[in-house]
Amino acid sequence: MELFAPSYYPQFHCIANRCAHSCCIGWEIDIDDVTMERYEALPGASGEAIRASIRHEGEVACFALTPEGKCPHLDGRGLCRIISELGDDYLSEICREHPRFYNLVGDHMECGVGAACEEAARLILGASDYQTAVAVGMLDMDVSEATGCDFDAVAWREQLFSLLSDATLSYGERLSAIASSYATGSPLPREARRELLLGLEYLDGAHRPLLAALPDPPDAAGARALLCERFFAYLVYRHASPAECEAEFRTAVGFALELERLFRALVCGDRMSPVQSAVMLSEELEYSEDNAEAIGAALRAP
């Protein structure tokens, strides 16, 4: 099965120890079964060191982080010892793939890079073309495994992107048109949004009061509007594309609009840099299944 991605996707490369927001720090690093078998069979000092660093939580194996919250296999330069000593083939699947994501969309697969990664966020916010999809490879997957649903999420996404990029309208007018034509339950009233954000779980507790206190965002123009547009387009691509029915698509667009409003409030209020804002919202809200579902449920509520 052919794999498609946004035109900017092939430009992504991990910047390793140059990243200020390393995915090797603060994240639980699960070890998939295939990689675990390799670790168990690995001879020598490398095998012993890797096996000694693993803890088990029921049937799930993961690396035990250091007291500083770092992967135990980061060296003093911030580089991965597993890669330097053994090569990429000995990485766990999550380490090889992050920040990539994959969606089964109708009869084909799509992939992208998630904004929780600093370099991916920089690429997403700097990409002038978010509409063009390019073929980036093949997957060992039969087309018969596709859902075969009647809903054409790609056609809906293309129509939405056409409206989002319509330069004859202001950015605010484009968002209003998208909300009325493609979304469910957005925007949430400020107080309802505040109560919702206060009740979520956060990786960094300081983000709870920061997000809950954000005002309704102003309209954006110029460079700031472009940043907001690109972040919103990324969210639509990632979350609305795999929808199997109109209701799922509309909820996903509503979710994207809510995160765009938070992003716009942060960027227009100069609370954080655009990249920092995208990374924080991505890791706290869209990468958390519980938080994303809570926002979706609020949008679906009567």
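Everything quoted here is computed from the prediction, not taken from an experiment.

Time to look at the nonpolar core. Ranked by internal contacts, the top residues of the largest apolar core, which has 75 residues, are Phe231, Phe232, Phe249 and Val253. Sort the elements by how many residues they give to this core and helix 11 (residues 246–268) lands first, with 13 residues. Residues contacting Phe249, with those up to four places away along its chain left out, are Phe151, Ala153, Trp156, Arg157, Leu160, Tyr182, Ala240 and Ala243. Ranked by size, the runner-up nonpolar core spans 13 residues in total, among them Met36, Ile50, Ile54 and Ala61.

The step from His98 to Pro99 runs through a cis peptide bond, and the omega angle for that step is 5°. Looking at the element boundaries, Pro99 is found in the loop between helix 4 (93–97) and strand 5 (100–105). One non-glycine residue with positive phi stands out, namely Asp270, at about 55°. Along the chain, the position of Asp270 falls in the loop between helix 11 and helix 12 (274–286).

Viewed as axis vectors pointing N to C, helix 11 and helix 13 (residues 289–300) meet at an angle of 110°, and their least axial separation amounts to 9 Å. Taken together, the axis directions place helix 11 and helix 13 in an arrangement best described as roughly perpendicular. Every residue of helix 13 that contacts helix 11 at Thr251, Gly254, Phe255, Glu258 and Leu259 is listed here: Ala292, Ile295, Gly296, Leu299 and Arg300. Its residues assigned to classes, the contact of helix 11 with helix 13 shows 5 nonpolar, 3 polar and 2 charged.

Turning our attention to the sheet that holds strand 7 (residues 133–138). Taken together, the 4 strands give an open sheet; going across it, the order is 5-6-1-7, and neighbouring strands pair in mixed fashion. The outermost strands of the open sheet, each flanked by one partner alone, are strand 5 and strand 7. Neighbour to neighbour, the strand axes of the sheet diverge by 35° on average, direction disregarded. Bridging between strand 5 and strand 6 (residues 108–113) involves 6 bridges; their strand directions are antiparallel. Bridge assignment links Arg100 to a residue of strand 6, and that residue is Val113. Contacts between helix 10 (residues 222–239) and the sheet are confined to strand 1 (2–6), strand 5 and strand 6, with strand 5 contributing the most and set at about 55° to the helix.

This part covers the pattern of salt bridges. Tallied over the full model, the rule gives 16 salt bridges. Between Arg77 and Asp75 there is a salt bridge, and its shortest N-O distance comes to 3.1 Å. Arg122 is the partner of Glu119 in a salt bridge, and the nearest nitrogen-oxygen pair spans 2.5 Å. Here Arg122 and Glu119 lie together in helix 5 (residues 118–126), a separation of 3 residues that amounts to about one turn. Here Arg122 falls in the partly exposed class, since its relative accessible area comes to 37%. What you see here is one network of salt bridges that share partners, running through Glu28, Arg55 and Glu57.

Moving on, we come to the packing of helix 5 against helix 12. At a minimum axis distance of 9 Å, the contact between helix 5 and helix 12 shows a crossing angle of 120°. Between helix 5 and helix 12, the interaxial angle falls into the category oblique. The handedness of the crossing between helix 5 and helix 12 comes out as right-handed. Contact residues: helix 5 offers Glu118, Ala121, Arg122 and Leu125, while helix 12 offers Pro274, Val275, Ala278 and Val279.

Before going further, it helps to spend a moment on the pairing of strand 6. Counting buried positions along strand 6 gives 6 out of 6 residues, so the element sits mostly inside the fold. Of the two faces of strand 6, the one holding His108, Glu110 and Gly112 and the one holding Met109, Cys111 and Val113 are both buried throughout. Both strand 1 and strand 6 contribute to a ladder of 2 bridges, which runs parallel. Bridge pairing in strand 6 places Leu3 opposite Met109. Following strand 5, the chain reverses through 2 residues before pairing antiparallel with strand 6; Gly106 in that reversal takes a positive phi of roughly 60°.

Each value, and the rule that gives it
Throughout this document, residue positions are counted from 1 along each chain, in the order its sequence is written. Local features in a predicted model are, by the rule used here, given only for residues with pLDDT of at least 70; side-chain atom pairs are given and counted only at 80 or more, and totals for whole chains, interfaces and linings are based on all residues. The side-chain numbers reported here are obtained from all heavy atoms of the structure, hydrogens and water having been left aside. By nonpolar core we mean a set of buried residues, namely Ala, Val, Leu, Ile, Met, Phe, Trp, Tyr and Cys, connected to one another through side-chain atoms within 4.5 Å. Note on exposure labels: buried denotes an accessible area under 20% of the residue type's maximum, exposed denotes more than 50%, and partly exposed covers the range between, all computed with a 1.4 Å probe on protein chains only. Under the DSSP-based scheme used, a helix requires at least four consecutive residues in state H or I and a strand at least two consecutive residues in state E, with every element numbered from the N terminus. Contacts between residues were defined by any pair of non-hydrogen atoms, one from each residue, lying within 4.5 Å. Every angle, taken between N-to-C directions, lies between 0 and 180 degrees, and every axis is a line fitted to C-alpha atoms, over only the stretch in contact when it is a helix. Oblique is the label for any angle not covered by the other classes, which are roughly parallel (under 35 degrees), roughly antiparallel (over 145) and roughly perpendicular (65 to 115). Classes in brief: Ala, Val, Leu, Ile, Met, Phe, Trp, Tyr, Cys and Pro nonpolar; Asp, Glu, Lys and Arg charged; the others, Gly included, polar. If DSSP finds at least two bridges between two strands, the strands pair. In the sections that follow, a salt bridge refers to a side-chain nitrogen of Lys or Arg positioned within 4 Å of a carboxyl oxygen of Asp or Glu. Handedness of a crossing follows from how the near helix is turned relative to the far one, being left-handed for an anticlockwise turn of less than a right angle and right-handed for a clockwise one.

Worth remembering: the numbers are spatial, not functional.
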